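Summary of structural features
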Amino acid sequence: MGSNLLVRACAGLSLAACALVPQLVAQPAQTASPAAADAPAVEKQYDLLLKGGHVIDVKNNIDAIRDVAIKDGKIAKIAVGIPADSAIRTVNVTGLYVTPGLIDIHVHVFWGLTKNDYAGGDWSVMPDGYTLKSGVTTVVDAGSAGWRNFDVFKERVIDRSQTRVLAMLNIVGNGMGSGGIEQNKEDMDGEKTGEMALKYPGLIVGVKSAHFTGPEWLPYDQAIKAGTMAHIPVMIDYGSRRVERPLEQLLESKLRPGDIYTHAFSGNRGEQDEATGGPGKGMWEGRKRGIYFDVGHGQSSFNFSVAVPLIKAGFIPDSISTDIHTDNLNEGLKDQLTTANKFLAMGLPVKEVIAEMTWHPAVEVQQTQLGQLSEGAIADIAVLNLRHGDFGYIDGSGYVMKGHEKLECELTLMNGKFVYDLNGRASDPWDQPISASAKQAKKWTSLRIPTGQRPSNPQAAARMSRFPARWQPYTVDASGKVTVKPNAKLVPAGTKAPKLDVPPPAATWATPPADSWPAAKK
């Protein structure tokens, strides 16, 4: 549809600095020499080195091929030509993008057993299953919990998740759910919400108002009261459109500079001018005042019919977020990178899309220790592959847009350790001895990999010693030469495998084996 031209022509501002990105081709991982497996551990300058990737770090204005060295969970150095042997583990990421860990500032992860509820219910998702595989290392739960149940949320989800979970408190004390919970004006208490936020600075990073259908300004006034008390932003899901509280008034006079308007591309509440298709009344005025505009895709809060003309007019989002919950996982949303890919399809450059998932959201929620790769910063990192082909992306109404670029997560690191590895780039080959670096794996990965270490439990070690050593797919001679055993060599592709005279799998039998069982008792 020629959508790649939409933003190239009107970028201005931050897009003007976005150079065209080279066509990058992924390369296999670099692994340590097997012959070094039995060598004693040598103290290295770095724990981990990501070598040869295209680093995009908007905060530090880096958009170039660089090596990234990590030590003790922090960024130690970003430079050209860091020696591969200076780290315990070196992984070749040539042809891939290396970015700060992605930040999704609109999710619902206060999962639990309550039916039809976000606050401890089945509408929220467990974060780790939907974040790390998309390069997301930090999420902000957007108002699932209120001041009454935040401590439960913290104990059940925040303290147990591998993903870094921050929170915006709902202005409704009981949080977010079905029925009349979010319409209960008696439970909208800015004072108590602000007090709870002050109890957990850096963990509660905002206040949320959502889904309100009434004509009053009460929830927004109370949210701003709490945000002002705790010096944190307010995020607004503007609920039902009402003539008594028009969007332009919210954006032009109610919200403070630095507050966040989410679902900016829904078109449901006046975000789009009905005559021109461009930004609706108050949108530009809000941007001039310093209001942040967040995507918040959700189930039905992002539409191409809104986003395309707004972006064509130069109204791009400040941040890309999902509003992920159980109702949208298998619909148009899917995950953070799928949402980002829609903006690539509409013409935003890769650098701008990365900015809207890293540094921009970090600034919005005042957590600027995240979303960047400065020396000494927390080593949260996403390694992304930009694939080229024919792809389809679905909006909140079910319409599809075709695209030709797709960001896919290859590796995710939190605190300097791998937590996701799509293609085994950080792993040793299965038919080779364990590498020396694998024996120090605790310094560079949280994933399960062979380390050659015996069980630390004496009873388990004693049990294992009574059995023969496991068969290995290789031999190592006195000189350290590794030879793969014949039984470990795969049949070359295109070669017909020999026919073996062996019993067939039970699943292929004409009569299922279970037919031999006695009949069930009646």
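Up top you'll find the structure we're talking about.
Numbers given for residues are sequential positions, taken from 1 along each chain in its written order. Totals for whole chains, interfaces and linings use all residues, but because this is a predicted model, local features are given only for residues with pLDDT of at least 70 and pairs of side-chain atoms are given and counted only at 80 or more. Hydrogens and water molecules were not included; the side-chain quantities draw on all heavy atoms of the structure.

Labels follow the DSSP assignment, with helices taken as runs of H or I lasting at least four residues and strands as runs of E lasting at least two, numbered in each case from the N terminus. Counting its regular elements, the chain contains eleven helices and 18 strands. Throughout, the radius of gyration refers to the C-alpha atoms, and the reference size of a globule is 2.2 Å times the residue count to the power 0.38. The globule rule puts the C-alpha radius of gyration for 522 residues at 24 Å, and the 26 Å found for the chain is close to it. On the principal axes, the C-alpha backbone points of the chain span a range of 80 × 75 × 50 Å. In the chain, which comprises 522 residues, the proportion classed as buried is 51%. The charge count treats Lys and Arg as positive and Asp and Glu as negative. His and the chain ends do not count. Lysine's charge is taken at NZ, arginine's at CZ, aspartate's at CG and glutamate's at CD. A gap of 8 Å separates the mean positions of the 55 positive and 55 negative side-chain charges of the chain. Burial here depends on accessible area, computed with a 1.4 Å probe over protein chains only, as a share of the maximum for the residue type. Under 20% is buried, over 50% is exposed, and the range in between is partly exposed.

What follows concerns unusual backbone geometry. Trans peptide bonds make up the majority, and among non-glycine residues the majority have a negative phi. Backbone geometry places H211, a non-glycine residue, at a positive phi of 65 degrees. Relative to the assigned elements, H211 resides in the loop between β10 (204-209) and α4 (218-230). In this structure, D323 takes a positive phi of about 60 degrees despite not being glycine. Its location among the elements puts D323 in the loop between α7 (304-312) and α8 (336-345). The buried category is assigned to D323, whose relative accessible area is 7%.

With that out of the way, let us pick up the packing of helix α3 (residues 190-199) against α4. Each axis is a line fitted through C-alpha atoms, and for a helix only the stretch in contact is used; angles between axes span 0 to 180 degrees, taken between their N-to-C directions. In the contact formed by α3 and α4, the axes pass within 8 Å of each other and the chain directions differ by 30 degrees. Once α3 is placed against α4, the crossing between them reads as right-handed. Touching G190, E191, T193, G194, E195, A197 and L198 of α3 are Q222, K225, A226, M229 and A230, all from α4. Three classes are used: nonpolar for Ala, Val, Leu, Ile, Met, Phe, Trp, Tyr, Cys and Pro, charged for Asp, Glu, Lys and Arg, and polar for all others, with Gly counted as polar. Among the residues forming the contact of α3 with α4, the class breakdown is five nonpolar, four polar and three charged. In this scheme, a crossing is called left-handed if the near helix is turned counterclockwise away from the far one by less than a right angle; it is called right-handed if the turn is clockwise. Two residues form a contact once any of their heavy atoms are found within 4.5 Å.

Note on placement: D237 falls in the loop between β11 (234-236) and α5 (247-254). As a C-alpha pair, D237 and D72 span 165 residues in sequence and 39 Å in three-dimensional space. Those residues in contact with D237 that sit more than four places away from it in its chain are K208, S209, A210, H211, T262, H263 and R269.

This next bit is on α3. Every buried residue of α3 is accounted for by G190, T193, G194, M196 and A197. The buried residues of α3 occupy one face: seen down the axis, they fall within an arc of 160 degrees. The inward-facing, buried residues of α3 abut α2 (150-158), β9 (164-170), β10 and α4. Sitting at the amino-terminal end of α3 is D189, which places a side-chain oxygen 3.0 Å from the backbone nitrogen of E191. What the arc describes is the spread of directions from the helix axis to the C-beta atoms. Pairs of N or O atoms within 3.5 Å make up the polar contacts considered here, provided that, within protein, one atom can donate a hydrogen while the other can accept it, and that residues adjacent in sequence are counted only when both atoms are side-chain atoms.

Between rings of Phe, Tyr and Trp, where Trp is taken as its six-membered ring, a pair exists when centres lie within 6.5 Å; planes separated by under 30 degrees are stacked, by over 60 edge-to-face, and by other angles tilted. Applying the stated criterion to the full structure yields 15 aromatic pairs. Between F265 and F343 the ring centres are 6.1 Å apart and the planes differ by 70 degrees, which places this aromatic pair in the edge-to-face class. Taken as a pair, F265 in the loop between β12 (260-261) and α6 (283-289) and F343 in helix α8 lie far apart in primary sequence, 78 residues in all. Accessibility assignment for this pair places F265 and F343 in one class, buried.

Now for the sheet that holds strand β13 (residues 292-293). As summarised here, the arrangement of the seven strands in space is β6-β8-β9-β10-β11-β12-β13, forming an open sheet in which the pairing is parallel. Two strands in the sheet have a free side with no partner beyond their single neighbour: β6 (102-107) and β13. Strands are labelled as partners when DSSP assigns at least two bridges between them. In this structure, β6 lies alongside strand β8 (residues 136-146), joined through four bridges in parallel fashion. Along β8, the bridge assignment pairs I103 with T138. α2 rests against β8, β9 and β10 of the sheet, and its axis sits at about 160 degrees to β9.

In terms of nonpolar packing, the biggest core is built from 95 residues, with F150, F153, Y261, F265, F343 and M346 touching the most fellow members. In this structure, F153 is in contact with V109, F110, D141, A145, I158, V165 and A167, ignoring residues within four places of it in sequence. Side-chain atoms within 4.5 Å are what join buried Ala, Val, Leu, Ile, Met, Phe, Trp, Tyr and Cys residues into a set we call a nonpolar core. Grouped together as the second largest cluster of nonpolar side chains are 26 residues, I70, V91, V98 and I381 included.

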